[in-house]
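# Per-entry structural report
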There are 2 protein chains.
Amino acid sequence: MPAASDPRDRPIAVFDSGVGGLTVLHELLVHLPQEDFVYLGDTARFPYGQRSTAELEGFALQIAEELAHRRAKLLVVACNTMTAAALPALQRRMLETTLGVDVIGVVRPEALHAVAATRNGRIGLLATPATVASGAYADAVAAVDSHVDLVAVPCPDLAPLIQDPPGGAAGELFTPRLQDAVRAYTAPLVEARADTVILGCTHYPLVRPMLQRMLGRDVTIVTSGAALARQVEHALGSRDLAARRSTGEGTYSFLCTGDVEAFRALGTRFLQMPLTEVEHVALGPTTTTEVHPAWPRP
Amino acid sequence: MPAASDPRDRPIAVFDSGVGGLTVLHELLVHLPQEDFVYLGDTARFPYGQRSTAELEGFALQIAEELAHRRAKLLVVACNTMTAAALPALQRRMLETTLGVDVIGVVRPEALHAVAATRNGRIGLLATPATVASGAYADAVAAVDSHVDLVAVPCPDLAPLIQDPPGGAAGELFTPRLQDAVRAYTAPLVEARADTVILGCTHYPLVRPMLQRMLGRDVTIVTSGAALARQVEHALGSRDLAARRSTGEGTYSFLCTGDVEAFRALGTRFLQMPLTEVEHVALGPTTTTEVHPAWPRP
């Protein structure tokens, strides 16, 4: 553990399997400008989609411990797959151990905001097939209000089209092919007259205007970042952990487990702010439960 | 004049000296998805900054006539310089002639929205030195409410940094240098405690999240596009010119007076949607008042 300092001066840590979570960090930087942030992209092990739950729990605990040792005052899991697989275990472990750091994940904040926003009780969900299949959003929405209908549309090629646009150049993101994909995925939600749509993948905010045009301007779009920002603020407030500076900007920095330059090149487009320092961090291939036997087992 | 058809089925025309007005078109595409649009970028004569008022009036009338002949049902001037220099003359001419097309410009809609949004009566303005010096926003704000303070900050290098980021690649827009410029330009507005800030240049919405972070999340940002979209909708409604389709998307296409490929390459970043058809259109160097002597002189 690092030497004690005022916990309010510590950074908020945000982590994800890659660069997608940078859209969440983007919202946090806009909504909580006074806070310091550190972001970790586990790009060496990206993507998480085909990993087992046990493996993802191991990754999550390993990353969380790394960030807690870097004096994070709060952990934000900006990854749908890891949230679905590992959030409860992660929360339990981080609060049980001497690290004592709280963990907030995606999914539940979006579900809450969507239920609060809908007027006709029809909520749409756009997400990867794995996220839709996990049922995480359906469970979260039902837990908030069992009378709301969730229309879930799995979007197999939307995140890949956003992350790796044909041709590769950032300027070529907005292609007719992408537009056709967005049109096809939004059509069932328009048909179902959903008045609120959850973007259940951190990549999708990059095409938000296109989505808004296809869905119609009266449809409320709920992103992970905006929903999380509110919950992060509540968490900091209730624990007296909000940054002490009341004006001016905090700092932000980056860690990644894979290639630093690739992260920087891809990440700027997702963050929409300069990616300055990016530090490489090595996380072993083994799971945290093996590396840290001292941690209490559930 | 083209053969008569239902005027509601005609496109809305949007024009600008270059690609900046595409951020206005972007907002119109999101807010009015059922409408058809045609955009004209006068890139061959870009920039307009150093042109005389008489010259700009000539350009405006020439472009307006071209677009009216392409059956536009409404003209939107998405250019601060041309709005300041030529809007009244343009409106008078287009309504006096047989073309009978209404013209809407920037500046006034933003002033109206900013005055409606401010709670402390302190409105900030970020704009090019020429726009600030023209006093157009100060006049427009004072015309709506003479008790509001306008703090105007001229931003000499902000539009150039956005249009031509160092290195040129679209992904390199969000540089530390740009961030430093944004920080410097927003500082006087933070100092003045402006609670509402007008982005008085069509380029600035591309760095809106950065501006919001620097200004603070409680500051209302007013963009030309969002403010104009409302007024365009009112204009269509009051003249019974709204598109007849109630669902689905309209079309949009592009004209430019300069190099088509350069327009397309730069434009996608500003539109954030695919730039499909771009047609070259030749507009002569002479002013419309000479080309069309039949038009009544004011």
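Our subject is the structure listed above.
A brief structural summary. Please read these numbers as outputs of a predicted model, since none were measured by experiment.

Right, let's get into the packing of helix 1 (residues 22–31) of chain A against helix 11 (residues 260–271) of chain A. All names here are of chain A. One way to put it is that helix 1 packs onto helix 11 with a least axis distance of 8 Å and a crossing angle of 50 degrees. Our classification of the angle between helix 1 and helix 11 gives oblique. Crossing hand, helix 1 versus helix 11: right-handed. Residues Leu-22, Thr-23, Leu-25, His-26 and Leu-29 of helix 1 form the contact with helix 11, whose participating residues are Phe-263, Gly-267, Phe-270 and Leu-271. Tallied by class, the residues present in the contact of helix 1 with helix 11 amount to 6 nonpolar, 3 polar and no charged.

Below, the discussion takes up the relation of the copies chain A and chain B. Under the fitted operation, chain A is carried onto chain B by 0.0 Å of movement along the axis and a turn of 180 degrees, and the coordinates agree to an RMSD of 0.0 Å. Accordingly, the operation relating the two chain copies is best matched by a two-fold axis. Most of the interface of chain A is mirrored in chain B, where 100% of its interface residues are also at the interface.

What follows deals with the pattern of salt bridges. All names here are of chain A. Taken as a whole and judged by the stated rule, the model has 32 salt bridges over all chains. A salt bridge links Asp-42 to Arg-45, with the nearest nitrogen and oxygen atoms 2.8 Å apart. This pair shows no difference in class: Asp-42 is buried, exactly as Arg-45 is. One salt bridge connects Asp-195 with Arg-119, and the closest N-O pair in it is separated by 3.8 Å.

What follows covers the interface of chain A and chain B. Between chain A and chain B, the contact holds 28 residues from the first and 28 residues from the second. When chain A packs against chain B, the two sides together hide about 2,700 Å² of surface, and 57% of this comes from carbon and sulfur. At the surface where chain A touches chain B, the tally comes to 6 salt bridges. Where chain A touches chain B, the interface holds 12 residue pairs in polar contact (both at pLDDT 80 or more). Breaking the side of chain A that touches chain B down by element, the ones donating at least two residues are helix 1, helix 8 (176–191) and helix 9 (208–215) of chain A. The leading source of residues in the side of chain A that touches chain B is helix 9 of chain A, at 5 residues. When its residues are assigned to classes, the side of chain A that touches chain B shows 13 nonpolar, 10 polar and 5 charged.

For the rest of this paragraph, the subject is the sheet that holds strand 9 (residues 252–256) of chain B. The pairing of strands in a sheet happens through backbone hydrogen bonds and is either parallel or antiparallel. All names here are of chain B. If you trace the 6 strands from one edge of the open sheet to the other, you get 4-3-1-2-9-10, paired in parallel fashion. Only two strands of the sheet have a single partner each, and these edge strands are strand 4 (102–105) and strand 10 (278–280). Within the sheet, the average angular offset between the axes of one strand and its neighbour, ignoring direction, is 20 degrees. Alignment of strand 1 (residues 12–16) against strand 3 (residues 74–77), held across 4 bridges, turns out to be parallel. Opposite Val-14, over in strand 3, you have Val-76 as the bridge partner.

This part covers the sheet that holds strand 7 (residues 196–199) of chain A. All names here are of chain A. Taken in spatial order, the 4 strands of this open sheet run 6-5-7-8, and their pairing is parallel. Bordering the open sheet on either side are strand 6 (149–154) and strand 8 (220–223), each of which pairs with just one other strand. Pairs of neighbouring strands in the sheet enclose a mean axial angle of 25 degrees, with direction left out of account. Here 6 bridges tie strand 5 (residues 122–127) to strand 6, and the two strands are oriented parallel to one another.

Turning our attention to the environment of Asp-139 of chain A. Residues and elements named next belong to chain A. Residue position: Asp-139 is located in helix 6 (residues 136–144). Assessed through its relative accessible area of 53%, Asp-139 is described here as exposed. On a C-alpha basis, the gap between Asp-139 and Arg-177 in space is 32 Å, while along the polypeptide they are 38 residues apart.

All names here are of chain A. Geometrically, the link from Phe-46 to Pro-47 is a cis peptide bond, its omega value of -5 degrees lying close to zero. Mapping Pro-47 onto the fold places it in the loop between strand 2 (37–41) and helix 2 (53–69). Even without being a glycine, Val-107 presents a positive backbone phi close to 80 degrees. Residues other than glycine seldom take positive phi values, yet Asp-240 does so here, at roughly 50 degrees. Positionally, Asp-240 belongs in the loop between helix 10 (224–238) and strand 9 (252–256).

Attention now goes to the packing of aromatic side chains. Residues and elements named next belong to chain A. Counted under the stated rule, the structure contains 10 aromatic pairs over all chains. Look at Tyr-252 and Phe-254: their rings are 5.7 Å apart centre to centre, the planes differ by 80 degrees, and that puts the pair in the edge-to-face class. Relative accessible area serves as the criterion here: at 10%, Tyr-252 is assigned to the buried category. Over the ring of Phe-59 we find Arg-45, and its NZ or CZ is 3.8 Å from the ring centre.

This next bit is on helix 11 (residues 260–271) of chain B. Residues and elements named next belong to chain B. The terminal C-alpha atoms of helix 11 lie 15 Å apart, and with 12 residues this matches the ideal 16 Å at 1.5 Å per residue to within 8%. Taken together, the buried positions of helix 11 are occupied by Val-260, Phe-263, Gly-267, Thr-268, Arg-269, Phe-270 and Leu-271. One side-chain oxygen of the residue at the start of helix 11 lies 3.4 Å from the amide nitrogen of Glu-261, identifying that residue as Asp-259.

Glancing now at the side chain of Thr-196 of chain A. All names here are of chain A. Secondary-structure assignment places Thr-196 in strand 7. A distance of 2.9 Å separates polar atoms of two side chains, one belonging to Thr-196 and the other to Asp-195. Among all residues touching Thr-196, those that are not within four sequence positions of it are Ala-114, Ala-117, Thr-118, Arg-122, Ile-123, Gly-124, Val-219, Thr-220 and Val-222.

Procedures and definitions
- Residues numbered from 1 in each chain as written.
- Chains lettered and ligands numbered in written order.
- Predicted model: local features only at pLDDT ≥ 70, side-chain atom pairs only at ≥ 80, totals over all residues.
- Heavy atoms only, no water.
- Axes fitted to C-alpha atoms, helices over the stretch in contact; angles between N-to-C directions.
- Helix = DSSP H or I, 4+ residues; strand = E, 2+ residues; numbered from the N terminus.
- Parallel < 35°, antiparallel > 145°, perpendicular 65-115°, else oblique.
- Left-handed = near helix turned anticlockwise from the far one by under 90°.
- Contact = heavy atoms within 4.5 Å.
- Nonpolar A, V, L, I, M, F, W, Y, C, P; charged D, E, K, R; others polar.
- Least-squares fit on C-alpha atoms with pLDDT ≥ 70 in both.
- Salt bridge = Lys/Arg side-chain N within 4 Å of Asp/Glu carboxyl O.
- Buried < 20%, exposed > 50% of the residue type's maximum accessible area, 1.4 Å probe, protein only.
- Buried area = accessible area lost by both parts, 1.4 Å probe.
- Polar contact = N/O pair within 3.5 Å; in protein donor to acceptor, adjacent residues only side chain to side chain.
- Pairing = 2+ DSSP bridges.
- Phe/Tyr/Trp six-rings, centres within 6.5 Å; stacked < 30°, edge-to-face > 60°.
- Lys NZ or Arg CZ within 6 Å of the ring centre and 35° of its normal.
- Expected span 1.5 Å × (residues − 1).

Taken by themselves, the reported measurements are silent on function.
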